[in-house]
Amino acid sequence: MIAEAGLAALWLAASLSPLQLLLGWLALRLGDEQLMRSVRPVAIAQAALVGISFLALIQLFLRTDLSVELVAANSHSAKPWLYKLAGVWGNHEGSMLLWVTILGLSGGAIAWFERTIQERTLIATLAAQAAIGLGFYAFLLLASNPFERLNLAPAQGKGLNPLLQDPGLAFHPPTLYIGYVGISVAFSFAVGALVTRDVGSEFAKAMRPWVLGAWIFLTLGITAGSYWAYYELGWGGWWFWDPVENASLMPWLAATALLHSVTVLATRGGLRAWTIMLAVVAFSMSMVGTFLVRSGILTSVHAFAVDPQRGLFILILLILYIGGALTLFGLRVGTVKEGATFAPVSREGGLVANNLLLSAILGTVFVGTLYPLGVEVLTGEKLSVGPPYFNSAAGPLALVLVAVMAAGPLIRWRTDEARAVLKRVALPIMLSGLALLALLLLFPSIGTLPLLGLVLAAGAASASLAPLWGRKLWRTPLSTWGMVVAHLGIAVSLAGMASESAFTRQTLVALRPGESAVVGPYSIRFDSVDPIAGPNWTANEAKLSARRGGDTPLILSPQARMFSAPPTETSEASIATRLDGQLYAVLGKPDEQERWQLRLWWKPFVTLIWLGGCLVALGGIFALIGRVRRKRRSRVRESGS
Amino acid sequence: MKAKHQRLTLLALAIVAVLGAVLLAMSSLRDQAAYFYAPADVVRKGMPEGKAIRIGGMVEDGSVRTARDGVTIDFLVGDETDATIPVRFRGIVPDLFKEGSGVVAEGRFQADGRFVATEILAKHDENYMPPDLSRDRSKQKTEALK
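Here we summarise the structure given alongside this text.

Criteria and thresholds
Residues numbered from 1 in each chain as written. Chains lettered and ligands numbered in written order. Predicted model: local features only at pLDDT ≥ 70, side-chain atom pairs only at ≥ 80, totals over all residues. Heavy atoms only, no water. Salt bridge = Lys/Arg side-chain N within 4 Å of Asp/Glu carboxyl O. Buried < 20%, exposed > 50% of the residue type's maximum accessible area, 1.4 Å probe, protein only. Helix = DSSP H or I, 4+ residues; strand = E, 2+ residues; numbered from the N terminus. Pairing = 2+ DSSP bridges. Axes fitted to C-alpha atoms, helices over the stretch in contact; angles between N-to-C directions. Contact = heavy atoms within 4.5 Å. Parallel < 35°, antiparallel > 145°, perpendicular 65-115°, else oblique. Left-handed = near helix turned anticlockwise from the far one by under 90°. Nonpolar A, V, L, I, M, F, W, Y, C, P; charged D, E, K, R; others polar.

1. A few points about the pattern of salt bridges
Phase 1: Per the counting criterion, the structure on display carries 18 salt bridges over all chains.
Phase 2: The shortest N-O distance in the salt bridge between Asp527 of chain A and Arg525 of chain A comes to 2.8 Å.
Phase 3: Taking relative accessible area as the criterion, Arg525 of chain A reaches 36% and is therefore assigned partly exposed.
Phase 4: Its salt-bridge partner being Arg44 of chain B, residue Asp41 of chain B comes within 2.7 Å of it at the nearest N-O pair. Residue Asp41 of chain B and its partner Arg44 of chain B are located together in helix 2 (residues 39-45), separated by 3 residues, close to a single helical turn.
Phase 5: Using a relative accessible area of 12% as the deciding quantity, one classes Asp41 of chain B as buried.
Phase 6: Taken together, the shared-partner salt bridges in this structure form one network comprising Glu4, Asp65 and Arg149 of chain A.

In structure tokens:
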């Protein structure tokens, strides 16, 4: 019954989306008040229906209703409830339903809350949302129905991929999807403003919270995904330049650029056409991201769905939407007025540099990610593009970007003196110089890229705090705090990346219980190895005690797990966190002489990478709260006068 | 500067930045993209000595030997032809690395014809096969059905 109700709600929601599009179009065409008022309720109803449909799927998974094909293929009654829940989006159909649900809910939220922009622009925005939703509803209902029943229910489900049975991963996909979909909302605003020829600072202020919100979720999603890959895959790395990682990085790069250009549009009325273009690019990137992940075109750890028909469907959607957006942009860009001008040395100038660098990085990542696909389609030759390419192409650009980021907030709007700016960045430059000297003296053999990274991180961290200098901290606007914290986060994260790549120590050994090995400053004793059992797995668990100097020993217990449903082996890394880094241990296989393979890493300050990511997101949250509060206050003032 | 001129300048800058990045990317891709070889390709095209590549195929039955240090292994990668590649790898192999199942390795050929892998790719699916092989397998299957 629940499955049928869910499917019915999904069909109803789907049928409301062409209605929403049609009503919006007619209302704008005819200028009819009555019609205009009808659009918001339709969007809210659509949100409610798709929400019900998603709740129905959650209920089916929690009850492990095996008569539903999706549940039987991806769940198992013996799974902890959290992973039953995560199983809802740990598969193709469920994750697409989640996508559409978030899209529907955000459409409903705009219809419910947004009161500041022109009503006509809002209606065009909701119509654009409906147009995006339409394609995805069609995709769900025609090619990937999550509520499909089986004629004969199996006695037991097949279970969820053990790699996905992890609390971190339970919340990783929804976070990223909220980010992707949030960008589509920003895009709908851009389309709305283009349609009604209303590209100005009002529209930018309405769009900004959505961009910020989407960007916060993308940041958190990428940070969490990186940490997940780090501890779950057990390869000791935190970023692999895997196409699926790039699929989340590319929208983030575009959204970061958009976030900065929309600020110029909102405060200074400049960069109008450019902001619209970035909204189109950001949306295209989140569509490309969805395509890469969901079409199964990549044979990578993340691509669990392999079905060319579905891939083709998403590809057609991708081409239709991006093509449509670019066509609309081409037709209407002439009507977008030029914004206020500014001198090359100015805050705007700095933000333009930020945008250009981000676009250039995006370009290199995009080319590197899609090149193997293009070559395979054209020549049938298989190749892969890995870290050496991405590090050498995107790394230097990213370092320049961090330098611009450090100086940017210290430049005045409209116009500024180059000499005055230099004076303001003198202290950070001096700190960078000191860091350079110290590093060269202490670690003469350090690599160039990590060296530059650490030096820049020192300068950028101090420069990012400079906007607070001489201010009353409690009276500083929350949005300024947001910028400071986010920029500081970038510097912190950069320091972590550089430190990890410069100072990591690795040891690979085969030991018998009782023997010892050394990694970095630690001496590690292999105490024992014992069989243990979990709720749906059994494992060999090693006990290692790690000593540094006279400290109390750290106990590490890496496991090699065997899952029963589906039958799979995984290794669980064990990580001990200290203030100055992490000790990371992986247990391998035993050989005939009772020796066990052990892989040990000492990674100084590696935690800064994710701490920085969290700071960046926190900065975003501060800025979002600050903006929304200010908007509400100005609205109260308006209605009061 | 007039607003219109500024817009044109910015447009030119944007185009230069993105095109420049893409051109640079394409040129460095030419050196740094790792091509995929099956054992038969090595016979056909010759061994690309010293270049970073990926090889893929099946781990030959009975070919895995562990060296005395306990962490270096040698094995043979074969495909549906008679060609095989000797591979050496130092590290912990992924859980799904087994004799008779699919493997993809990244690394370089040495002058003596041995492939030294820097990474054995973990394909976390017990049904995984390198794309080439699975295509050949399904071809064999359809041929068998005829």
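Still more to cover.
2. Points about the sheet that holds strand 9 (residues 574-578) of chain A
Whether parallel or antiparallel, the strands of a sheet pair through hydrogen bonds between backbone atoms.
All names here are of chain A.
Phase 1: Strand order in the open sheet formed by 4 strands is 2-11-10-9, with antiparallel pairing between adjacent strands. On the outer flanks of this sheet lie strand 2 (505-511) and strand 9, each paired with one strand and no other. Adjacent strand axes in the sheet meet at a mean angle of 15°, parallel and antiparallel pairs treated alike.
Phase 2: In the sheet, strand 2 pairs with strand 11 (residues 596-604) via 7 bridges, with the strands oriented antiparallel. In the sheet register, Gln506 faces strand 11, and the bridge partner there is Trp601.
Phase 3: Where helix 8 (residues 201-232) meets the sheet, its contacts fall on strand 9, strand 10 (581-590) and strand 11, and the angle it forms with strand 10 comes to roughly 45°.
Phase 4: Across the sheet, helix 17 (residues 478-503) is in contact with strand 2 and strand 11; its angle to strand 11 comes to roughly 130°.

3. Describing the packing of helix 13 (residues 387-407) of chain A against helix 1 (residues 3-32) of chain B
Phase 1: Two elements in contact, helix 13 of chain A and helix 1 of chain B, have axes separated by 10 Å at closest approach and are oriented at 150°. In this view, helix 13 of chain A runs roughly antiparallel relative to helix 1 of chain B, as classed from their interaxial angle. At the point where helix 13 of chain A passes helix 1 of chain B, the crossing takes the right-handed sense. Facing helix 13 of chain A, whose interface residues are Pro388, Tyr389 and Ser392 of chain A, helix 1 of chain B presents Ala25, Ser28, Leu29 and Gln32 of chain B.
Phase 2: When the residues that make up the contact of helix 13 of chain A with helix 1 of chain B are grouped by side-chain class, the tally is 4 nonpolar, 3 polar and no charged.

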